[in-house]
Amino acid sequence: MIHPLISKRRSPVLFSGRSISREDLIDIFEAARWAPSSNNQQPWRYIIATRETPDEHSGLLSCLSEGNILWAKFAPVLGISIAESISTYKNRKNRFARHDVGLSMAFLIIQAMSSGIYTHVMGGFDPELAIESLSIPERFEPVAMFALGYPAENVMEFPRDLIDREKKERSRKNISEILYYGKWQRSYNI
Ligand SMILES: Cc1cc2nc3c(=O)[nH]c(=O)nc-3n(C[C@H](O)[C@H](O)[C@H](O)COP(=O)(O)O)c2cc1C
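Being a predicted model, the structure only gives us computed values, none of them experimental.

Counting 26 residues, the largest nonpolar core has Trp71, Ile80 and Met145 as the members making the most contacts within it. Counting only elements with at least two residues in this core, the list comes to α3 (54-61), α4 (66-72), β2 (77-84), β4 (140-149) and α7 (160-167). Sequence-distant contacts of Trp71, defined by excluding residues within four places in its chain, comprise Pro12, Val13, Phe15, His120, Met122, Ala147, Leu162 and Arg165. If you look at the next biggest cluster of nonpolar residues, it comprises 20 residues, including Ile28, Trp44, Ala112 and Ile117.

Taken as a whole, the largest pocket holds about 260 Å³ of empty space. Around the largest pocket sit Arg9, Arg10, Ser11, Val13, His120, Arg165, Glu166, Lys168, Glu169, Arg170, Ser171 and Arg172, which together line it.

Here the focus is helix α5 (residues 97-114). For α5, built from 18 residues, the straight-helix expectation of 26 Å at 1.5 Å per residue is met to within 8% by its first-to-last C-alpha distance of 26 Å. Residues of α5 that are buried include every one of Ala97, Asp100, Val101, Ser104, Met105, Leu108, Ile109, Ala112 and Met113, and no others. Lining the buried residues of α5 we find α1 (4-7), α2 (22-33), β1 (44-50), β2, β3 (118-122) and β4. With its phi angle positive at about 75°, Gly116 sits one or two positions after the end of α5.

Quick look at the site of the ligand now. Taken together, 13 residues lie near the ligand, and Ser11, His120, Gly123, Arg170 and Arg172 sit nearest. Residue Arg9 places a side-chain N or O atom 2.8 Å away from an oxygen atom belonging to the ligand. Contact distances for the ligand include 2.9 Å between an oxygen atom and a backbone N or O atom of Gly124. Burial of the ligand by the surrounding chains reaches 57%, relative to a free accessible area of 620 Å². Those elements giving two or more residues to the shell around the ligand turn out to be α4 and β3. A class-by-class count of the residues in the shell around the ligand yields three nonpolar, five polar and five charged.

A few words now on the pattern of salt bridges. By the definition in use, this model includes six salt bridges. The closest approach of N and O atoms between Arg33 and Glu30, which form a salt bridge, is 3.1 Å. Of the two residues, Arg33 and Glu30 both sit in helix α2, three residues apart, roughly one turn of that helix. Given the relative accessible area of 32%, Glu30 is considered partly exposed. In this structure, Glu141 and Arg98 form a salt bridge, with 3.4 Å as the shortest nitrogen-oxygen distance. You can see Glu141 sitting in strand β4 and its partner Arg98 sitting in helix α5, a full 43 residues away along the chain. On the basis of relative accessible area, Glu141 is assigned to the partly exposed category, the value being 23%. Taken together, the salt bridges that share partners define one network made up of Arg45, Glu84 and Arg139.

In the contact formed by α2 and α5, the axes pass within 7 Å of each other and the chain directions differ by 145°. Crossing hand, α2 versus α5: right-handed. Only Ser104, Phe107, Leu108, Gln111 and Ala112 of α5 make contact with α2, whose side of the interface consists of Asp27, Ile28, Phe29, Ala31 and Ala32. Split by residue class, the contact of α2 with α5 holds seven nonpolar, two polar and one charged.

Scoring rules and cut-offs
- Residues numbered from 1 in each chain as written.
- Predicted model: local features only at pLDDT ≥ 70, side-chain atom pairs only at ≥ 80, totals over all residues.
- Heavy atoms only, no water.
- Core = buried A, V, L, I, M, F, W, Y, C linked by side-chain atoms within 4.5 Å.
- Buried < 20%, exposed > 50% of the residue type's maximum accessible area, 1.4 Å probe, protein only.
- Helix = DSSP H or I, 4+ residues; strand = E, 2+ residues; numbered from the N terminus.
- Contact = heavy atoms within 4.5 Å.
- 1 Å grid on protein atoms, 1.4 Å probe; cavity = no way out; pocket = protein on both sides within 12 Å on 5 of 7 lines; lining within 4 Å.
- Points joined across faces, edges and corners; volume = space filled by probe spheres on them.
- Expected span 1.5 Å × (residues − 1).
- Near = heavy atom within 4 Å.
- Polar contact = N/O pair within 3.5 Å; in protein donor to acceptor, adjacent residues only side chain to side chain.
- Areas by Shrake-Rupley, 256 points an atom, 1.4 Å probe, with all protein chains shown as cover.
- Nonpolar A, V, L, I, M, F, W, Y, C, P; charged D, E, K, R; others polar.
- Salt bridge = Lys/Arg side-chain N within 4 Å of Asp/Glu carboxyl O.
- Axes fitted to C-alpha atoms, helices over the stretch in contact; angles between N-to-C directions.
- Left-handed = near helix turned anticlockwise from the far one by under 90°.

None of this, on its own, says anything about what the molecule does.
Right under this line is the structure:
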C-alpha cells in the first residue's frame, strides 16, 4: 500500500476560492527546505504570490502559457521554482541543481497534501519573461511554475472543458516498465 498522501495526490485544474493560510504556506516551504541535495547546496529558491496581492499574483500568472492561464488564474497561490545552477563551492555547473529542485518540490507537494492543499506543476511558461519580470539574477534559472490551492467543491461553476479535464482518468506506466533488476530491462519478476 502506498501512502494516501501519494495515492490521493493529483494535479487539479479546478481550485476553490479558499485562500491558503500563512501558517500552511510556511509549513509547505519548511518541508521544501528539508529536502536532500547534492553537497547540501540547497539550490532551490521559490517566488510565490497569493491572490491577496493581485499585482504579484498577476505578475506570476502572466509568465504562464495561455492554456495554463485559463485554469491557474483561479488558484489562490502561484509560484515558480528556481535553481541555483552554478555550484556554490566550485564555480562550475551544479549538474544536480534541477534534480534537487524537483526533490524539494516533491517534499512541498506532499506537505501541502497533508493539509488538503493540492499542487499543479506547470512547465508551460516563458522562462525569459520570468527572469525579466521577477528580477531573477544570474546563476539562477527558472525550473517550473506551480499552482497551489484547495480543490473546488462546486465544480459546476467552471467551464465545461475544465470540468472534463478534472474528471479525466489518471494513468501510469506499469511498474515492470520502470523498474529493472541488476541491469537494463531485466525484469524484477513482479
Ligand atoms: C515538470 C512538469 C511540467 C508540467 N507542465 C504542465 C503544464 O504546463 N500544464 C499542465 O496543465 N500540467 C502540467 N503538468 C502536470 C502533468 O500533466 C501531470 O502531473 C501529469 O499529467 C500526471 O497527472 P497527475 O499529476 O494528476 O497525476 C506538469 C507536471 C510537471 C511535473
